[in-house]
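# Notes for the structure review
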Amino acid sequence: MRARIFRSQTERDEFLLNLKLTQCPHCKKVGTLNRHGALRGYDENNVRHKSIRARRVFCSNRNQAAGCGRTFSAWIADKVKRLFLSAEQLWTFLNEAAANGNKRKAFKKLNSSMSDSAPYRIWKRLQNAQSSIRTTLSTMCPPSKIDGSQPSNTPAESTLAHLIKAFTGHGLNPIAAFQLTLQAFFI
Ligand SMILES: [Zn+2]
């Protein structure tokens, strides 16, 4: 399923209000898009109730509508797919963990309600995504040299520094800016 990622909830709401004037990202038809419920999940700020993580949109092929029958989801840049944490919290955690090498301790600082294994799972997701993140970033700008590019820098530190370099000045944290600019999920 494709996703559209918006800077803010306001921008997403505006998009949803104008669906009838919007081209389907799959079949390019206009006038066939409809709201189609929400993707719900638990959120760090609302752990007791499932909250809306993304809105679904359906390109209608029902009742003789000319759409393609496919769906896509409308996200906000600060949400991270399949994760409780916001992009801002994830960014804080990754920086702490990369800097001090202690994932558990870095995670504690977030005062998160997630389980003790969460920091390791999240770190694993970063590791799995890292080579594709770096490939993407290198199409935007060359990696930055941290402290004269000392060999002691870990791959994670280099990736985070590269992110900062690529996404400074977007008014968003680098993970949200990545998701918004590239219209792709960070991890
Ligand atoms: Zn369509």
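Residues numbered from 1 in each chain as written. Predicted model: local features only at pLDDT ≥ 70, side-chain atom pairs only at ≥ 80, totals over all residues. Heavy atoms only, no water.

### Observations concerning the overall build of the chain
What counts, and what does not: Helix and strand assignments come from DSSP, with helices taken as H or I runs of at least 4 residues and strands as E runs of at least 2, each series counted from the N terminus. Only protein chains enter the accessibility calculation, which uses a 1.4 Å probe. A residue is then buried if its area is under 20% of the maximum for its type, exposed if over 50%, and partly exposed in between. Any two residues whose heavy atoms approach within 4.5 Å are treated as being in contact.
Secondary structure assignment for the chain yields six helices and four strands. The order of α-helices and β-strands along the chain, N terminus first, is β-α-β-β-β-α-α-α-α-α. When the 187 residues of the chain are sorted by exposure, 42% land in the buried category. Counting contacts in the chain only where the partners sit at least 6 residues apart, residues at least 24 apart contribute 54% of the total.

### Remarks on the coordination of the zinc ion
The line we're drawing: The rule for donors is simple: N, O or S, within 2.8 Å of the metal, or within 3.2 Å if the metal is Na, K or Ca. Water isn't counted, so a site may look like it is missing partners. Irregular is the default label, applied whenever a site is not tetrahedral (four donors, all angles between 85 and 135 degrees) and neither square planar nor octahedral (four or six donors, opposite donors over 155 degrees apart, all other angles between 65 and 115).
Coordination sphere of the zinc ion, protein contribution only: Cys24 (SG), Cys27 (SG), Cys59 (SG) and Cys68 (SG), at 2.3 Å. Around the zinc ion, the four donor atoms are arranged such that angles at the metal cover 105 to 115°; this shape is classified as tetrahedral. Written as a sequence motif, the donor residues of the zinc ion are C-x2-C-x31-C-x8-C. Of this pair, Cys24 sits in the loop between α1 (9–17) and β2 (33–43) while Cys59 sits in strand β3 (residues 46–59), placing them 35 residues apart in sequence.

### Concerning the packing of helix α2 (residues 87–100) against helix α5 (residues 155–166)
Threshold: Each axis is a line fitted through C-alpha atoms, taken for helices only over the stretch in contact, and angles between the N-to-C directions span 0 to 180 degrees. Orientation is classified from the angle alone, with under 35 degrees giving roughly parallel, over 145 giving roughly antiparallel, 65 to 115 giving roughly perpendicular, and any other angle giving oblique. Crossing handedness: left-handed means the near helix sits turned counterclockwise from the far one by under a right angle, and right-handed means the same turn made clockwise. Polar here means any residue other than Ala, Val, Leu, Ile, Met, Phe, Trp, Tyr, Cys and Pro, which are nonpolar, and Asp, Glu, Lys and Arg, which are charged; Gly is therefore polar.
Put simply, α2 and α5 touch, their axes get as near as 9 Å, and they point 135° apart. The orientation of α2 relative to α5 falls into the category oblique. Both α2 and α5 take part in a crossing whose hand is left-handed. Contacts between α2 and α5 pair Trp91, Leu94, Asn95, Ala98 and Ala99 from the former with Ala156, Glu157, Leu160, Leu163 and Ile164 from the latter. Each residue belonging to the contact of α2 with α5 can be placed in one class, and the counts come to eight nonpolar, one polar and one charged.

### Some details on the packing of aromatic side chains
Here is the rule we go by: Stacked, tilted and edge-to-face are the three classes applied to pairs of Phe, Tyr and Trp rings, where Trp contributes its six-membered ring and a pair requires centres within 6.5 Å; stacked means planes under 30 degrees apart, edge-to-face means over 60, and tilted covers the rest.
Evaluated as defined, the whole model comprises six aromatic pairs. Ring geometry for Phe167 versus Phe178: centroids 5.9 Å apart, planes at 65°, classification edge-to-face. Here Phe178 lies in helix α6 (residues 174–182) and Phe167 lies in the loop between α5 and α6, a separation of eleven residues in the sequence. In this structure, Phe167 and Phe178 share a single accessibility class: buried. Members of the aromatic cluster, connected to one another through ring pairs, are Phe6, Phe15 and Phe72.

### Side note on the nonpolar core
Filter applied, for reference: Side-chain atoms within 4.5 Å are what join buried Ala, Val, Leu, Ile, Met, Phe, Trp, Tyr and Cys residues into a set we call a nonpolar core. Throughout, the edges of the domains are those of an automatic or database domain assignment.
Grouped together as the largest cluster of nonpolar side chains are 39 residues, with contacts concentrated most on Leu90, Phe93, Leu94 and Phe186. Breaking this core down by element, the ones donating at least two residues are β1 (2–6), α2, α3 (103–108), α4 (118–138), α5 and α6. Looking at which domains feed residues into this core, each of domain 1 (2–76) and domain 2 (87–182) supplies at least three. Those residues in contact with Phe93 that sit more than four places away from it in its chain are Lys103, Ala106, Phe107, Leu110, Pro119, Ile122 and Trp123. Counting residues in each nonpolar core, the second largest holds ten residues, with Leu16, Leu19, Cys59 and Ala74 among its members.

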